[in-house]
Amino acid sequence: MPSASTGASTTVGATASVTASVPVVDSRMTPGGPGYRRMSFALFLAGVATFALLYSTQALLPLVSSDFGVTASEASWTVSAATGALALFVLPMSALSERFGRRTVMTASLAVAVGVGILVPFAPSIGALVALRAIQGAALAGLPASATAYLAEEVRPKALITAIGLFVAGNSVGGMSGRVITGWVAQEWGWRVAVGTIGAIAVACAVAFRLLLPAPKHFTPGSLRPRVLARTVREHLANPLLCRLYAIGALFMTVFGGVYTVIGYRLTDAPFSLPQGIIGSVFLVYLVGTVSASTAGALVARLGRRGSLYLAGGTTTAGLILSLADSLMLVLLGLVLITAGFFAGHAVASSSVSHTATQGRAQASALYQSAYYIGSSAGSTLGAVAFHAGGWAGTVTLGLLAVLGVVSITVFGSHAARVQARRKPALAH
């Protein structure tokens, strides 16, 4: 008995020693590793479906205005209602993802959104269309915050910016393809068939997304208690860096939402007088956004977060100024620069949120997405109002003011970082 007891003790001790000496392996995904390509493509398709559905009426606003006999400002609510509802529901949906899982919430959100997308072409009035678009936006709220939280949990930190950049690139492809397809389809068969076509494409994306996305391995269910959620939100809103990032996302999207809501009206009018199909093709410049978003990781590695934001703001400003010309080529070049600057700035800001928040990542991302889509809704509405009041120059002025806000916040952030760096040595003494 004693010898047996001693032997058992020795074995356990040896096992513990071996276990202690084995390094912990990070099982999260990394580029080139198992599941990374499937995950990237699945979330890319989710981004395509989200932006294609969310902005499906944006390129068609002149036709919607004509069909229902409403103004540009009234028609713009078919965009603003969707983005505004998304902004309202993104935080509650992120809480559901903390409890029931990112993949589950994303799948359910896409299912509801594509279902509503099939009903949108049959809207009998502008009021019904706006209501359906609001429901669609609320459903899509489950995608953005859950996707970035999923990536933050399942992808290694060094690959996070690149992974989120690919998701944002899917947004740009969805936004581009949705507008290009609707432009040409609407020219032949009207806006109702065009948005129905987008709904069918979104169904295919949703099915492929669910089949491809790997099951999460690092998700830990959280609480649905309102008090816990409120405390987490308060902590995030008390973080000055996160608040600056939220404001930057909102301001960038104000520019983008305003420009792309109104551009169809501008190109329809003199001196351009372009047909609907050509106007839809203008949105091919979104491909520039795909590139700038997917290279955001390399940009931050070279210039840092603030340097990247300065570059994005400067690029957007140059695009806005160029777009004032009455030359179609200069307007298109301006749109290219606006798109490149916006998607680069958005990818940098959104990935910085995921990197900054160490707890409650879904809520941190949800707050960013809420601010971002509030900016989209404000940009769509205010851009149309500015266009009605002062033409394209009015919309450009709105955009320049928003970019000035981005630059001012970034300058303030740089100053705050220098002050904090000077305080640390003083505290050490």
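Relevant structure appears above.
What counts and what doesn't
For every chain, the first residue of the written sequence is number 1, and numbering continues from 1 onward in sequence order. Totals for whole chains, interfaces and linings use every residue, but because this is a predicted model, local features are given only for residues with pLDDT of at least 70 and side-chain atom pairs only at 80 or more, for both listing and counting. Values reported for side chains reflect all heavy atoms of the structure, with hydrogen atoms and water molecules removed beforehand. Numbered from the N terminus, helices here are DSSP runs of H or I no shorter than four residues, and strands are runs of E no shorter than two. As a reference, a globule follows 2.2 Å times the number of residues to the power 0.38, and the radius of gyration itself is taken over C-alpha atoms. Whether a residue is buried, partly exposed or exposed follows from its accessible area with a 1.4 Å probe, protein chains only, as a fraction of its type maximum: under 20%, in between, or over 50%, in that order. In this description, contact between two residues means that some pair of their heavy atoms is separated by no more than 4.5 Å. Computed with the Shrake-Rupley method and a 1.4 Å probe, the accessible areas treat only the protein chains shown as cover for residues. The sign given to each residue is positive for Lys and Arg and negative for Asp and Glu; His and the chain ends receive no count. Where a charge lies is defined by one atom per residue type, namely NZ (Lys), CZ (Arg), CG (Asp) and CD (Glu). Patch construction takes residues with relative accessible area above 30% that form no salt bridge. Like charges are linked within 9 Å, and nonpolar side chains (Val, Leu, Ile, Met, Phe, Trp, Tyr) are linked within 5 Å. Just to be clear on terms, a salt bridge is a Lys or Arg side-chain nitrogen sitting within 4 Å of an Asp or Glu carboxyl oxygen. Two aromatic rings from Phe, Tyr or Trp, using only the six-membered ring of Trp, form a pair when their centres are within 6.5 Å; if the ring planes differ by under 30 degrees the pair is stacked, by over 60 it is edge-to-face, and anything between is tilted. By this rule the span expected of a helix is its residue count minus one, scaled by 1.5 Å. What is called the bend at a residue is the angle between a pair of axes, fitted to the seven residues leading up to and ending at it and to the seven starting from it. Any pair of nitrogen or oxygen atoms within 3.5 Å is treated as a polar contact; in protein, a donor-acceptor pairing is required on top of that, and neighbouring residues in sequence qualify only through side-chain atoms on both sides. Two kinds of site are reported from a 1 Å grid over the protein atoms alone, namely cavities, where a 1.4 Å probe fits but cannot get out, and pockets, open sets with protein on both sides within 12 Å along at least five of seven lines, and residues are called lining when an atom falls within 4 Å of a point. Grid points are joined across faces, edges and corners, and a volume is the space filled by probe spheres set on the points. Throughout, the ten residues Ala, Val, Leu, Ile, Met, Phe, Trp, Tyr, Cys and Pro are labelled nonpolar, Asp, Glu, Lys and Arg are labelled charged, and all others, Gly among them, are labelled polar. Residues grouped as a nonpolar core are buried Ala, Val, Leu, Ile, Met, Phe, Trp, Tyr and Cys residues, joined through side-chain atoms within 4.5 Å.

Visitor: Looking at this structure, how should I read the overall build of the protein?
Guide: Secondary structure summary: the protein contains 17 helices and 0 strands in total. Rg of the C-alpha trace for the protein: 24 Å, near the compact-globule value of 22 Å for 429 residues, within the 12% margin. Dimensions along the principal axes, computed over C-alpha positions, put the protein at roughly 100 × 55 × 40 Å. Burial status across the protein gives 53% buried among its 429 residues. Looking at the protein alone, contacts between residues at least 24 apart form 83% of all its contacts between residues at least 6 apart. When the accessible surface of the protein is split by element, carbon and sulfur atoms take 69% of a total near 17900 Å². Positive and negative side-chain charges of the protein, numbering 27 and 10 respectively, have mean locations separated by a distance of 16 Å.

Visitor: Please explain a positive patch on the surface as it appears in this structure.
Guide: A contiguous patch of positive charge, built from Arg225, Arg227, Arg231 and Arg234, is present on the exposed surface. Mapped onto the elements, Arg234 comes out in helix 11 (residues 226–237). On the basis of relative accessible area, Arg234 is assigned to the exposed category, the value being 55%.

Visitor: Teacher, can you tell me more about the packing of aromatic side chains here?
Guide: Each pair of aromatic rings is reported with the distance of its centres and the angle of its planes. Counted under the stated rule, the structure contains 10 aromatic pairs. Between Phe256 and Tyr260 the ring centres are 4.7 Å apart and the planes differ by 55 degrees, which places this aromatic pair in the tilted class. Of the two residues, Phe256 and Tyr260 both sit in helix 12 (residues 240–268), 4 residues apart, roughly one turn of that helix. Judged by relative accessible area, which is 3%, Phe256 ranks as buried. Geometrically, the ring pair formed by Phe342 and Tyr372 is stacked, given 6.2 Å between the ring centres and 20 degrees between the ring planes. Of this pair, Phe342 sits in helix 16 (residues 328–356) while Tyr372 is found in helix 17 (residues 361–428), placing the two residues 30 residues apart along the sequence. For the pair Phe342 and Tyr372, one class covers both residues: buried.

Visitor: Any chance you could explain helix 12 here in plain terms?
Guide: For an α-helix the count is 3.6 residues per turn, leaving residues at separations of three or four pointing the same way. Taking 1.5 Å of rise per residue, the 29 residues of helix 12 would be expected to cover 42 Å, and the 43 Å separating its terminal C-alpha atoms lies within 8% of that figure. Residue Val262 marks the point of greatest curvature in helix 12, where the axis turns by about 35 degrees. In terms of residue burial, helix 12 counts as a mostly covered element, since 23 of its 29 residues are buried. By the N-cap criterion, in which a side-chain oxygen at the helix start approaches the backbone nitrogen of a residue two or three places on, helix 12 is capped by Asn239, the distance to Leu241 being 3.0 Å.

Visitor: Would you mind showing me how to read the layout of surface pockets here?
Guide: Empty space among the atoms becomes apparent when a probe as large as a water molecule is rolled across them. In this structure, the largest pocket spans a volume of roughly 460 Å³. Counting only elements with at least two residues in the lining of the largest pocket, the list comes to helix 5 (77–100), helix 8 (144–154), helix 11 and helix 17. Take the lining of the largest pocket: its biggest share by element is 6 residues, from helix 11. Partitioned by chemical class, the residues of the lining of the largest pocket number 6 nonpolar, 12 polar and 6 charged. One number sums up the size of the second largest pocket: a volume of about 230 Å³. Every element with two or more residues in the lining of the second largest pocket is listed here: helix 12, helix 15 (296–322) and helix 17. If you tally residues by element for the lining of the second largest pocket, the top one is helix 17, at 9 residues. Looking at the lining of the second largest pocket, its residues break down into 7 nonpolar, 3 polar and 5 charged.

Visitor: Just checking my understanding: could you explain the environment of Leu274 for this structure?
Guide: Along the chain, Leu274 turns up in the loop between helix 12 and helix 13 (276–281). Owing to a relative accessible area of 17%, Leu274 belongs among the buried residues under this scheme. Along the primary structure Leu274 and Gly264 are separated by 10 residues, whereas in three dimensions their C-alpha atoms are 9.1 Å apart.

Visitor: Looking at this structure, I do not really get the nonpolar core. What am I missing?
Guide: A general feature of soluble globular proteins is that nonpolar side chains tend to end up buried together. With 119 residues, the main nonpolar core has Met39, Leu43, Leu151 and Tyr260 as its most contacted residues. Here this core takes 15 residues from helix 12, the largest share from any one element.

Worth remembering: the numbers are spatial, not functional.
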